[in-house]
Each structure stands twice: as structure tokens, then as C-alpha cells.
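# Observations on the model geometry
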Amino acid sequence: MVDISTDYIYQVRLTTHISAVIGSLTHALFTNRVNARGYSVNHPSVQERIEKKRQAALTGGGQLRIAAQHKRGKLTARERLELLLDPDSFVEYDMFVEHRCSDFGMEADHNKYPGDSVVTGQGRINGRLVYVFSQDFTVFGGSLSGAHAQKICKIMDQAMMVGAPVIGLNDSGGARIQEGVESLAGYADIFLRNVMSSGVVPQISLIMGPCAGGAVYSPALTDFTFMVKDTSYLFITGPDVVKSVTNEDVSQEELGGAKTHTTVSGVAHRAFENDVDALLNLRDFFNFLPLSNKDPAPVTECHDPRDRLVPGLDTVVPFESTKAYDMLDIVHGVLDEREFFEIMPNYAKNIVVGFARMNGRTVGIVGNQPKVASGCLDINSSVKGARFVRFCDAFNIPIITFVDVPGFLPGTAQEYGGIIRHGAKLLYAFAEATVPKITVITRKAYGGAYDVMSSKHLRGDVNYAWPSAEVAVMGAKGAVQIIFRGKENQAEAEAEYVEKFANPFPAAVRGFVDDIIQPSTTRKRICRDLEVLASKKQTNPWKKHANIPL
Amino acid sequence: MAAYRSAAGFQRVLLAFKHVCLKQRCGVIICRYSTVYDPNEKVSLIIGVIKTCKKMGIKTVAVHSDVDSSAVHVKMADEAVCVGPAPTSKSYLNMDAIMNAVKQTGAQAVHPGYGFLSENKEFAKRLAAEGVTFIGPDTHAIQAMGDKIESKLIAKAAKVNTIPGFDGVVKDAEEAVKIAGEIGYPVMIKASAGGGGKGMRISWNDEETREGFRFSSQEAASSFGDDRLLIEKFIDNPRHIEIQVLADKHGNALWLNERECSIQRRNQKVVEEAPSTFLDPDTRRAMGEQAVSLAKAVKYSSAGTVEFLVDSQKNFYFLEMNTRLQVEHPITECITGLDLVHQMIRIAKGYKLQQKQSDIPINGWAIESRVYAEDPYKSFGLPSIGRLSQYQEPLNLPNVRVDSGIQEGSDISIYYDPMISKLVTYGKTREEALKKMEEALDNYVIRGVTHNIPLLREIIVHPRFVSGDISTKFLPEVYPDGFKGHMLTAGERRELLATAAALYVAAQLRSQKFLGDLRVSIVPAESRQWELCVELDKGVHMLGVSRAGNNYTVEIDGEKVEVSGEWNLASALLPITINGKHRNLQCLLRTAAGEITLQYLGTSFKLRVLSKLAAYLSKHMPEKIPEDTSSILRSPMPGSVVAVSVKPGDNVAEGQEICVIEAMKMQNSMTAAKTAKVKSVHCKAGDTVGEGDLLVELE
């Protein structure tokens, strides 16, 4: 007995020498156990089993399936984490967890994969803490088992307690059918945590493969959903079911590809070229976010002078108020290093939203886009803007709003679609926001849309007007037709209206804008205001939760 | 200042410039004039005129089209009058509107700038009728010299060498073919009223003559409102050298030496210099004297330019006389020390020239590069448009003068010539002036539009240019397959790779620097050593980078490159030291996915920097299949569609004309890339199209 043990200890030591994976502490621990228990000579040593299991976990579904994954232009779950996180920073949890299903031959050894179909843990992105899970398509197609869900829930719970974001890399065929309701329960457990984490820590989903059925609701509940072009899909039911139910012929790509969701449905916030591009961009994006709702918006080292004048802004707004211009010209000019991480760049393009920095501090940008549909507010742009504003407010990110809005879009399509209800969302979001709010009216601020766009009346902290600003109930032509109905000399009346209202004074004399500023000084002014407003404290009345018009 | 005031006689001068002209200026006269002008002040020619006027106590009125209403010159002039909408025929060519502006403001004199009305005899006549002085030559001289046929006859009579050709107006394409046959190919077809290369085509055979006749007459009609053409012998491989003359109303005339303008593309000048490396004092004097005798023959007064073609044997032929101030006049000012605008105003008022021919020196060397909003990779420059999102002129350098009428935020529109500025450098020697030009081009920041700095930067360092071995065929001879940008040597390639790698690491390190109190501490991925993979032109290089402060040592294929700099990631310019040598690069793009575009030696290079791991994993990424372009015809530039020659279902042969796009007054024939059937047509005559817009699809 003793001899055998000695033999075994020797073996363990040898293994330890060879394997760098196991630390000396583990070694000592297991050595003691072996001594105490004394396994039989035929029993494979624990150390060997650990080693074997680790190796198995690292190779996931095996070399063949890894090759198949690569052939599809996709990386493996582990490769993705390696690229997303700082080198050597990943700390894995639950590598030894296995599924517990015993039906349909699932209990067989060859059907057990250590770690099951997901890799979970925590790591660092540019030094900052993040919790991650990465679904492994090579193991049962990344399907969600009870164990798989349990692993995800574990890191989500810890992320909440620590106060750090969660990033999910989704690549899963759906529920583990063999497990039945256990798999469904697993989804619900994740959904609940998505909801509980919402507004507490930022949650990001990157869809890197299929994500269908109930599984789609986890990304839908997170703050941001990004997709990889050509290799990722999101849909409730796939093309086959669609065909049998509605008799529509539609491809996977058309039904739920990156293009569909970033341009038509508005489900995804951005799409990237491939896995590598997506993960590198995600690292960049992560730097804009605070770790939790307890942290201020991050401030990074900034090389762009805070008092830089932007001469180009003095000429960007055309003289004719009917002529379009690109709001991004203004946005880029004002920001640090012209760097703008646009959210939903191809959806509801009449509003521009995204993250940027001002003097190093993260800010959220909202701007009407006169280039598209004259920058009017419609259902889609209201919802897009509202969700973004609420994210910024939840995570202490100051909001800078650039206003050039001719009003809400008229028409039956909009009215029947519920523009009243949806427009109210944007109004609601701006009104309830307590983060620093700075507003710049570059040209038109007409009608109710003026009120909505972070106006002074909705607790805007600093509201500026450019000399080209026109704050009025409506444009001159429409107004004159109402005020001087039936009267002759409409042209003269129009000129009078323009003289009275098509300028920033009516708003400025009432204090609805704090100052009329030279456009080229906009950056300087905003940077200065943000410094002052950094210590802003404002609270809304206590409530269980508010009731945004959904 | 007193001298300037004494010349003042006008109280108000109207500046009837078009947009491009506004981009001229006679601002900073380097060295010799620095006491008059503040050398650090940026002014454009019109602005130069305004300034000269101000110094002379004259009030100025700028006219402008509505798109130029916020241009620099409009803000600087004492008064401004809008003369119409953007198209030149409705604004800067609209004589009635300009005459109204004259009356409305009570201007006593008009400075026409160059182009458009500057050489229009009708305009000068109408001004004379109103008793308004035209700052420029008399109507008679404009008329005589503005008409190429008449000017040639006068030149012949004044014993000026002329080119053999047909002295009359060509009626139609068939007559053009007949005349061409008589003169002998190659021939040049050009607009009788034209200038600046517009409405000008060279033809080597009958077919080209017919086509050239058609295009030239259309262009002539749209640019000058006069479609008369003439034909003359085309002198193959000549130099284009012109003599600046200055004549007063008392019969005195001077020649102010030559300008070498041989570097051209499509008959438009790109790089000019004064003096020319080619002329010896005898030829210079002979040319100067002929130019002066021509000026005297037409009783010329004001500043003018006599253009010559000079062949390899130094035989020179009169080409035409420009009765206006030319774009390239600043280089003459640099080497002679004369302010030509000042002289023009003095002459218009009737003063005598103060200088004698023996007073005109050649002091030093001046080079001028015309910076255009053009894509030099397409036929040495097809127009591009856009908004100047960032714009910074290299005025911090001594002996550099930039004449522009634009500023950050300006729109380069399809309506006018795409010139951004004239960049002039001056040196005691040609070598010094060229060195300065290199530096100035490297420090010139232009973002938002495609520009021709890559081409300019290549021309001025090309051995043939440096040795002075140039002709008007320089560009097609040096770049027979089109301009491809700077070709990197192995050493330059290493410098570029090393810079990209160092910049990447500097950016990576900065992205870990979070300020303020942090609830959860940062665990930076501290490293002093990076293994990177850099892609450039499909070549992939493994680089080792180590860092000590701002100094990076980059190892490429066993060679070490030392790169150091400030690494200011917000600055448009990236001044660095590579292996002890100072270099000025510009970072045009830096993305999260490792793409870095650097402007190095004028040309922009696209690189991709990835960590070793990301590069290794990238090999699994699927190749995206690019669009098949042979069956798709896209607009190579923004412009308007003049004509569409096909309809869906037509069969077209390779090279057959499909449609004609006009941009910046140039007509471009778009041809089929293969023989096929037309699938669909996406444009019609009159449409405005952007660069890359789909025009026609073939099957």
C-alpha cells in the first residue's frame, strides 16, 4: 500500500513537472489526499483525471468539430475569449461542469464534455474587469443545457455583486432538446438575471453564430446586441417553420442576418465584418462604458485640447433652412479626435446616437440628422433615441444633444403605428434622465419636437443655440397660412414671421436657452460645462419603478 | 505704405472674381516684401487684392455666387454682393448681374481676377460705357489677344515666332479632318475663345479628330459661350514656358522673366517654377523681347503673359497671350520682388512704370504646386468633392506661401475648378526651394476630399524633374501606366512598418490609461515587448517591438529601426524621428481593428497592425468576395450626366461610349469594359451623380 502510494506520488510529481497547468498548491493538496485515502493500483490517479479533463475541456467538441468551425469562418469559443481579453487575464470557472442528462444515451461517457457547451469566467479588457461567457458550438452545437445555463448564471450573479459588466458571445443552436424543460428553465434563469442586472451593470451580447427561438431573448434584454456579418443569425423561428406557417420563402440571412437586424428590425446595434473584427471592436467599445451604475463615466488620457476651436462649424449650417447638411460633420468636429462609436448607424438614420469622449470623458451623443428625412422624429428614431438615452442615464454618462428637428413625421403610417406612444418614449427618457444634459440647437427646433429634444423645460442643464437656430411652433410657411388665413400678402406676412421667429432670440429672451454661442466655440463650451456638471446630483421621486409608455 | 497711398485714385473697386480666382492671392511676398506684408498672414489672391487695395486706401466689393457666400474673401471685403446661384453661367459669367453690382455699389473700377470675365471684351466694353475702369488691358488688346486666330496674325506681323496652322475658324468635323490632313498629324484642336486647357484636344488620326471636334466644341460652348474651334500643328514633346510682361499706358513695357509650366496633365498646369532650368540668358532675352514687342504691337497695358512652346532645340513658338493675371504669378513676384496687383492698379490709374528692364532681377528660385481636390490615381487627377473636415496649411514653415480661398469646413463643390490652393516655396537655389516644397507638402493637412499631394510630392523628387529634364509629356512618359503613388524602397518600407507598429503600441498603451478614482482597480497588461503582425500591400511582416518611454525599437527581418516621437494621437501631423532622421508623417486613419493609414512621402499607405494572436486567428476568417466590376459602370467622380448613349437591351462593344459625365467643366466619355448587352441604365441626361454611383449595368 505504502509502496504504491509512493509510486503514485512520484507519478504525480512527474506530471506536475511536465504540466504547467497545475500549480504547486493543487499539487500539495492532491498529494495529501492521495496519501490519506490511498487509491487502488488500477484506479487512474486524480491528478491524471484532472489533467485529462482539463485537456478535454480545452479541446471542446474535438479537433474535427474545431476544424469545421474554422471552415465556417468562425473561431472557437476559447479563441474568441483569448482575443477579447487581455493576454493571460482569463480566469475560468466551472471547467469541470458536465451536463446531467441521462436520457437518449446522453449519459454515455463519449457524450460528456467537461465544461459542457459554454466557457465562462472573468478577465480584463485594457486592464478593466469583465465577466464573460462564450458558447461553444463544437459541443452539441452550443445547445443550452441546465448545466450550461447554471454556469452562465454563476458569473452573472458574481458580476452583479462585484459590479462589473457581462459580455456574452453567443453561438448556440438553441435548447438542449434531450433535456426538455430543464433547458427551458435554464433560459428563464438567465432571462431573470438579465433583467435584474439591467441598469446595474452593462450587458453586451455579441452574436457570433446562430441564436434562435427563446435564446434570442437574452440578447434582446441586454443593453447592446452586436452581430457578425454573414455568420450570425437571430430569429424566433427559422426559415423552415416560417415556410410551413406563413408559406413565405425566406433565407436565413434575409430573415435574421446582420443586415436585416441592423437596417430593418433594429434588433442589433451594429454589425462587424468577421469574428476578429468584431472582438477587436468590442474591446474598443468596452472602454466607453463604466463598470457599473455605481461608477462615473470613465475618463481616459486625452491628447485633444479641450479648448480647441472648430472653425469648420461656423460654415456647416447652410443659409437656406430647407437645405440639408450632415449632422455627423458637427458631431465629429466637436468630439475628441473625431472618434465616434455610432450605435445603430444604419437604422432610423434620421437620428444619430453613439458614444464618444469629450476631454477624455465618455459622453452619449444624440443628434437629429437633417440629411435623412429632414431629421424629423418618427416611430423608429424615437425608440432608437429613447433606448440610448436611458442607457446613458442608467450608467452616469452625460448626454449631449444636437437639435435640428422640423417636428414629428406626419401621415397615417405614423399615426396608425402609434407615433404618439413611441414619440412619448423619447420625451420620457429625456425627462427622467438625471445625468448632465447639454443641448445645442444648431438650426430648427420646431413644435413638440423642440420640447422633446432635451429642452430646458425637461431639465436640460445647459442649453445653447447657434446663431442659425430657429425655435418656433412651426416653419414660416405653415404658420403664416394659419395666422393670416385668407389674407392677402402672404409673402409679407411670411417675412415678418421669419424676422420674429426664425432666430434664437425668442428662446433666449425667455431663458429657454442659456446662451447664443459661436459654433466654432462649441467644443470648448461643452468641455467646460462637463467639468462643472461632473458633480451634478439630481434625484427623481421614490417609486417602485416608473411606467414608461411601452 | 506712403508709396501705396500715393497711387490710390479709386475709392471703391469691385472684384469680379469667380470661385477659383478667389483662390489666388498676392499675399506674403517672401523675403523681399516682408516689410510690406505680414509673412505669417494667410491671404488668397483676391484677399491679396483686397489687402493691396486696403493699403492703397481703396474700398473693395466682392461679388459671389450663393454657394460662396461665406467664403473668406466675402468676409474680408468691405462690401459683398451676391450675383446669382452656383452655376457660373448664372453668377460669375452673368454680366448683367455684375454690372448691376457695379452700379449698386458705385464702384469706380473692376478687378476681374482671372478666368471668366477677365478676358471678356464685351465686359470691358460695357464697363467703359459706364465710365468704370477695368483693371486690366484695354478692350482692343483683350479682343486682339483673346481671339487665337487674330492674335496669331498680330504676332506674325510683330515678328514673333508662330506655329504653323490653319488661320481660321473650322466649320465642322469633316473640314477639321481635311485641314488636319493638310497640316499633318499630330494636330491640336482648340477653342478659339478658350484657355486653361478647356475645349482643347490633341488628335493623331482622322477618327480622333472627329471625336475631338465634337468634345471640344461642346466644352467650348459650355465654358466660354463660344464654340468656334481652330486647328494647328501640334509640337510634340515641347516645353511650355511663358513670359510675364508688364506694360503701362505710355508705351513702356517690361518682361519680368519666364515661368516654366511644362508639368501638365490634360493641358493644365500642375507644377510651375521660375526661372526655368532650360533657358540660357540669350534665349530668355530673345523670348522676352518678342513678348514685349507683341505687347507693344497691341498697345497692351497692365500685366499679361505671353505663352511659348519651346522645343528641344530651344526654338520657341508663340502660343497665346493671356491678358490677365495668371494663377502662377506669385512665383514671378518671388523672384522679381514686384507686386503685380499693385502694378496693375497703378497702371489702370494711368501711372508710368517705375522700373526699367535692367531693374528686373532674378533673385533665387520659386516653385509652385497646384493643390487640387482630385484623385491623382485616375488619369493624373479626376475631380473629387467633399467638405474639408480638417484643413491646415504649412504656414509655420519659413519661405512658404499658400494662396487659397478656402478654410476648414469649406465645401469643394462640383460647380468650379477643384483647386484648393497654390503652394509656393522659395529658396536661394532651386535645390533649396525643392527641399522646402517637400517639407511643405508633408506638413499640409487636407482631410475630407481626395487631393493630389501624392502626385505633387512624387514629381518634385523625381530624378528627371530634379535634373530639369522635363516636357509637357512628363507625366505620361514617367508614368506610362498611370500614377501609382510612391514606390517604397526596402528601407522606406521598413520605416513605414516600424512607424505603424510604434503608433499601434502607443495607442494600445493609452487605451489602458484611465484617470480618476476607480472602485475596481485596473490590472494593466504590462508589457515591454510586443509581437506584431503588420500587413502592407498584401505583404505580411512579423515585427518585434520594445519600448523605452517614447522611444520604440522595432525589429523587422533582423534589422532594427529606432522610432521616437511625441505620439500625440489627436494631432493630424505625426512628426517623428526614424533612425535619427526627421520625418513628417500623417496618420489619416486608425481603427479599433488595427487598420492604420499613414501618409508617408506624400502617398497614403494602408496598413493593418494586429497582435500575433489576432493575425494567426485571422487566417480562419472568410474572404469576402468583391463585386464584379467589369459589368458595372460607376461614375469615377461627382458630376452631371450630359448624355446617355445606350438603353437596356442594346449590345455594346468593348470601349464603346456609354455615357458622358461632365464635372468641373470637363467632359468625360464613359466606355464599356467588355462586349455585352446592357442590362439596366440608372441615369439620364441632366442627372447629378456622386462618385461611385451606379450608371449602367451590363449583363
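Residues numbered from 1 in each chain as written. Chains lettered and ligands numbered in written order. Predicted model: local features only at pLDDT ≥ 70, side-chain atom pairs only at ≥ 80, totals over all residues. Heavy atoms only, no water.

Per an unreviewed UniProt entry, the recorded name for chain B is Propionyl-CoA carboxylase alpha chain, mitochondrial, and the organism is Cyprinus carpio. The UniProt entry for chain B carries this comment under Cofactor (unreviewed entry): "biotin". Per UniProt, chain B carries the Pathway (unreviewed entry) text "Metabolic intermediate metabolism; propanoyl-CoA degradation; succinyl-CoA from propanoyl-CoA: step 1/3." (UniProt positions renumbered as here; feature names shortened; annotations may be inferred.)

Per an unreviewed UniProt entry, chain A goes by Propionyl-CoA carboxylase beta chain, mitochondrial and derives from Cyprinus carpio. Regarding chain A, the UniProt comment filed under Subunit (unreviewed entry) reads as follows: "The holoenzyme is a dodecamer composed of 6 PCCA/alpha subunits and 6 PCCB/beta subunits." Listed under Pathway (unreviewed entry) in UniProt, the entry text for chain A is "Metabolic intermediate metabolism; propanoyl-CoA degradation; succinyl-CoA from propanoyl-CoA: step 1/3."

## Considering the interface of chain A and chain B
Across the contact, 47 residues belong to chain A and 39 residues belong to chain B. Both faces combined, the contact of chain A with chain B buries some 3700 Å², and carbon together with sulfur accounts for 57% of it. It is N126, E301 and H303 of chain A that lose the most area in chain A upon contact with chain B, and together they represent 16% of the buried surface on that side. A salt bridge links D295 of chain A to R519 of chain B; the nearest nitrogen and oxygen atoms lie 2.8 Å apart. (Contact = heavy atoms within 4.5 Å. Buried area = accessible area lost by both parts, 1.4 Å probe. Salt bridge = Lys/Arg side-chain N within 4 Å of Asp/Glu carboxyl O.)

## With respect to the UniProt feature "domain: CoA carboxyltransferase C-terminal" (unreviewed entry) in chain A
Here, UniProt's "domain: CoA carboxyltransferase C-terminal" (unreviewed entry) annotation points to residues 305-544 of chain A. Secondary structure across residues 305-544 of chain A divides into 36% helix and 19% strand, with the first and last C-alpha atoms of the span separated by 44 Å. (Helix = DSSP H or I, 4+ residues; strand = E, 2+ residues; numbered from the N terminus.)

## A short note on the packing of helix α5 (residues 77-84) of chain A against helix α12 (residues 275-286) of chain A
All names here are of chain A. Closest axis-to-axis distance for the α5/α12 pair is 9 Å, and the angle between their directions is 40°. Put simply, α5 runs oblique to α12. Crossing handedness for the pair α5 and α12: right-handed. For the pair formed by α5 and α12, the contact residues are R80, L83 and L84 on the first element and D275, V276, L279, L282 and R283 on the second. Class assignment of the residues belonging to the contact of α5 with α12 gives a composition of 5 nonpolar, no polar and 3 charged. (Axes fitted to C-alpha atoms, helices over the stretch in contact; angles between N-to-C directions. Parallel < 35°, antiparallel > 145°, perpendicular 65-115°, else oblique. Left-handed = near helix turned anticlockwise from the far one by under 90°. Nonpolar A, V, L, I, M, F, W, Y, C, P; charged D, E, K, R; others polar.)

## Overview of the pairing of strand β3 (residues 128-135) of chain A
Residues and elements named next belong to chain A. For β3, the tally of buried residues reaches 8 of 8 residues, placing the bulk of the element in the interior. Burial along β3 is two-sided: the residues R128, V130, V132 and S134 and L129, Y131, F133 and Q135 are all buried. The pairing of strand β2 (residues 118-125) with β3 spans 8 bridges and is classified as antiparallel. Within β3, the residue paired with G121 across the bridge is V132. Turn length for the β2-β3 hairpin, with the two strands adjacent in sequence and antiparallel, is 2 residues, and the turn residue N126 shows positive phi of about 50°. In terms of handedness, the path from β3 via helix α6 (residues 146-162) over to strand β4 (residues 166-170) forms a crossover that is right-handed. (Buried < 20%, exposed > 50% of the residue type's maximum accessible area, 1.4 Å probe, protein only. Pairing = 2+ DSSP bridges. Right-handed = clockwise from strand over helix to strand, strands pointing away.)

## So, the environment of F484 of chain A
Residue and element names in this part refer to chain A. By secondary structure assignment, the location of F484 is in the loop between α18 (476-483) and α19 (490-501). Residue F484 is classed as partly exposed on the basis of its relative accessible area, which comes to 22%. Along the sequence, F484 and E494 sit 10 residues apart, while their C-alpha atoms lie 9.3 Å from each other. If we skip the residues at most four places from it in the chain, F484 touches Q490, A493 and E496.

## Some details on the sheet that holds strand β21 (residues 419-427) of chain B
Residue and element names in this part refer to chain B. Spatially, 8 strands are ordered β13-β12-β9-β10-β11-β14-β21-β19 in an open sheet, and the strand pairing comes out antiparallel. Two strands lie at the open edges of the sheet, namely β13 (316-322) and β19 (400-404), each paired on one side alone. Within the sheet, the average angular offset between the axes of one strand and its neighbour, ignoring direction, is 25°. Bridge analysis of strand β10 (residues 253-265) against strand β11 (residues 268-274) gives 4 bridges, and the strand direction is antiparallel. Within β11, the residue paired with Q264 across the bridge is K269. Strand contacts of helix α14 (residues 430-442): β11, β14 (365-372), β19 and β21, with the helix running at about 140° to β21, the strand carrying the most contacts.

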